[in-house]
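Letter by letter, the chains look like this.
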Amino acid sequence: MRKFTWFNAVSLTLGFAFLYIPMLILIIFSFNSSKLVTVWAGFSTKWYGELLQNEAFLDAAWVTIKVAVLSSSAATVLGTMAAYVLVRGGRFGGRTLFSGMIYAPLVMPEVITGLSLLLLFIAIGLDRGVFTIVLAHTTFSMCYVSVVVSSRLVSFDRSVEEAALDLGCTPFEAFRLVTLPIIFPAVISGWLLAFTLSLDDLVIASFTAGPSSTTLPIKIFSSVRLGVSPEINALSTIMIAIVAIGVIAASLVTKQAIARRNREEKEAIQA
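Residues numbered from 1 in each chain as written. Predicted model: local features only at pLDDT ≥ 70, side-chain atom pairs only at ≥ 80, totals over all residues. Heavy atoms only, no water.

Draft legend 1. Representation of the overall build of the chain within the structure. Within the chain, the regular secondary structure consists of 11 helices and zero strands. Each helix and strand of the chain, placed in order from N terminus to C terminus, yields the pattern α-α-α-α-α-α-α-α-α-α-α. In terms of its C-alpha atoms, the chain occupies a principal-axis envelope of roughly 70 × 60 × 35 Å. Per-residue burial for the chain yields a buried fraction of 33% across its 271 residues. Long-range contacts, defined as pairs at least 24 residues apart, comprise 70% of the intrachain contacts of the chain with a sequence gap of at least 6. (Helix = DSSP H or I, 4+ residues; strand = E, 2+ residues; numbered from the N terminus. Buried < 20%, exposed > 50% of the residue type's maximum accessible area, 1.4 Å probe, protein only. Contact = heavy atoms within 4.5 Å.)

Draft legend 2. The arrangement of the packing of aromatic side chains in detail. If you walk through the whole model with that rule in mind, you get five aromatic pairs. Three or more aromatic residues link up through ring pairs in this structure, and these residues are Phe31, Phe43 and Tyr48. Just above the ring of phenylalanine 57 sits the side chain of lysine 219; from NZ or CZ to the centre is 6.0 Å. (Phe/Tyr/Trp six-rings, centres within 6.5 Å; stacked < 30°, edge-to-face > 60°. Lys NZ or Arg CZ within 6 Å of the ring centre and 35° of its normal.)

Draft legend 3. The arrangement of the nonpolar core in detail. Ala75, Val145, Val149, Leu153 and Ile183 are the most contacted members of the largest nonpolar core, which totals 16 residues. Listed by contribution, the elements that provide at least two residues to this core are α3 (55-88), α6 (130-154) and α8 (171-200). Here this core takes six residues from α8, the largest share from any one element. When near neighbours in sequence (up to four residues on either side) are disregarded, valine 145 contacts Ala75, Thr76, Gly79, Thr80, Gly190 and Ala194. Among the nonpolar cores identified, the runner-up in size contains 11 residues, and Phe57, Ala60, Leu216 and Ile232 belong to it. (Core = buried A, V, L, I, M, F, W, Y, C linked by side-chain atoms within 4.5 Å.)

Draft legend 4. A look at the side chain of serine 141. Note on placement: serine 141 falls in helix α6. Of note is the side chain of serine 141, whose polar atom sits 2.5 Å from the backbone oxygen of histidine 137. With near-sequence residues (within four places) excluded, serine 141 lies in contact with Ser71, Ala75, Ala194 and Leu197. (Polar contact = N/O pair within 3.5 Å; in protein donor to acceptor, adjacent residues only side chain to side chain.)

Draft legend 5. Quick peek at the environment of leucine 202. Checked against the element boundaries, leucine 202 lands in the loop between α8 and α9 (203-208). Considered as a pair, leucine 202 and proline 217 are 15 residues apart in the sequence and their alpha carbons are 5.6 Å apart.

Draft legend 6. Region of interest: a negative patch on the surface. There is a patch of like negative charges on the surface, built from Asp157, Glu162, Asp166, Glu264, Glu265 and Glu267. Listed by contribution, the elements that provide at least two residues to the negative patch are α7 (158-166) and α11 (230-270). Within the secondary structure, glutamate 267 is located in helix α11. Classification of glutamate 267 as partly exposed rests on a relative accessible area of 47%. (Patch = residues over 30% accessible without salt bridge, like charges linked within 9 Å, V, L, I, M, F, W, Y side chains within 5 Å. Areas by Shrake-Rupley, 256 points an atom, 1.4 Å probe, with all protein chains shown as cover. Salt bridge = Lys/Arg side-chain N within 4 Å of Asp/Glu carboxyl O. Lys, Arg positive; Asp, Glu negative; His and termini not counted. Charge placed at Lys NZ, Arg CZ, Asp CG, Glu CD.)

Draft legend 7. Main features of α3. The terminal C-alpha atoms of α3 lie 49 Å apart, and with 34 residues this matches the ideal 50 Å at 1.5 Å per residue to within 8%. The N-terminus of α3 is capped by asparagine 54, whose side-chain oxygen sits 3.1 Å from the backbone nitrogen of alanine 56. (Expected span 1.5 Å × (residues − 1).)

Draft legend 8. Inspection of the packing of α6 against α8 at higher detail. It is the contact of α6 with α8, at a shortest axis distance of 9 Å, that shows an interaxial angle of 150 degrees. Here α6 and α8 pass one another in a crossing that is right-handed. Residue-level inspection shows His137, Phe140, Ser141, Tyr144, Val145, Val148, Val149, Arg152 and Leu153 of α6 in contact with α8, the latter providing Thr179, Ile182, Ile183, Ala186, Val187, Ser189, Gly190, Leu193, Ala194, Leu197 and Ser198. A per-class count over the contact of α6 with α8 returns 13 nonpolar, six polar and one charged. (Axes fitted to C-alpha atoms, helices over the stretch in contact; angles between N-to-C directions. Left-handed = near helix turned anticlockwise from the far one by under 90°. Nonpolar A, V, L, I, M, F, W, Y, C, P; charged D, E, K, R; others polar.)

Draft legend 9. Main features of the packing of α7 against α8. Where α7 meets α8, the closest approach of the two axes is 9 Å, and the angle between their N-to-C directions is 150 degrees. Seen from above, α7 lies across α8 with right-handed handedness. On the side of α7, the interface is formed by Val160, Glu161, Ala164 and Leu165, while α8 contributes Pro171, Ala174, Val178, Thr179 and Ile182. Looking at side-chain class alone, the contact of α7 with α8 contains seven nonpolar, one polar and one charged residues.

None of the figures reported here should be taken as evidence of function without further support.
So, in structure tokens, the structure goes:
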């Protein structure tokens, strides 16, 4: 086992400082009473109140949450199905092409993906809006779900599933009652990853959004181009708090699921 050296400690400290000190400064200045975001003029929460009265930001936030929930849910279902086929499907005709199409969005520049989807929607005469953003986000985020779920299926002990089949379960029942509960933490992780990618996306949404379907990243980017407003600091602080709470909750749920799975496996082995 390698020892924890001073070099590792300094490297970690500088790395975390580089990542989190700007966020800390942003959170502090979100409580600044001045309109100038770089000049401290006293503690105040008025920008949070004004943010809650800003209809443009609220509408953009609602569109973003709706798109993220729908696209991450669809991407989770499709990505899990694709991962199951890749891991359990064996060698079949077109496997190389299928896996290449699944993993292509991982290395494809977002500009190309957004432009190609825009041309597709124009060619089929589909008006841009929330539906087109959901389709676009599902397309590029399902590959991330597939990677996460595939890594869990590769290390999956198939003897438990085979035991369920021997006891009379159909393949679908074995998947629903045995396989899915075991890989469920990976499925949830894939959903959270797809949800985060959808919330953060700007480039693809810029190509596929319509006039009445502005997402929060697009709204923030448009506002920052005209100057940073204290309301954006308040909005960013709220998003950081939500993400932090979500990460902590997901970690606790995943930890409990893993502990329950290990306990059930031990009970099954003892039985």
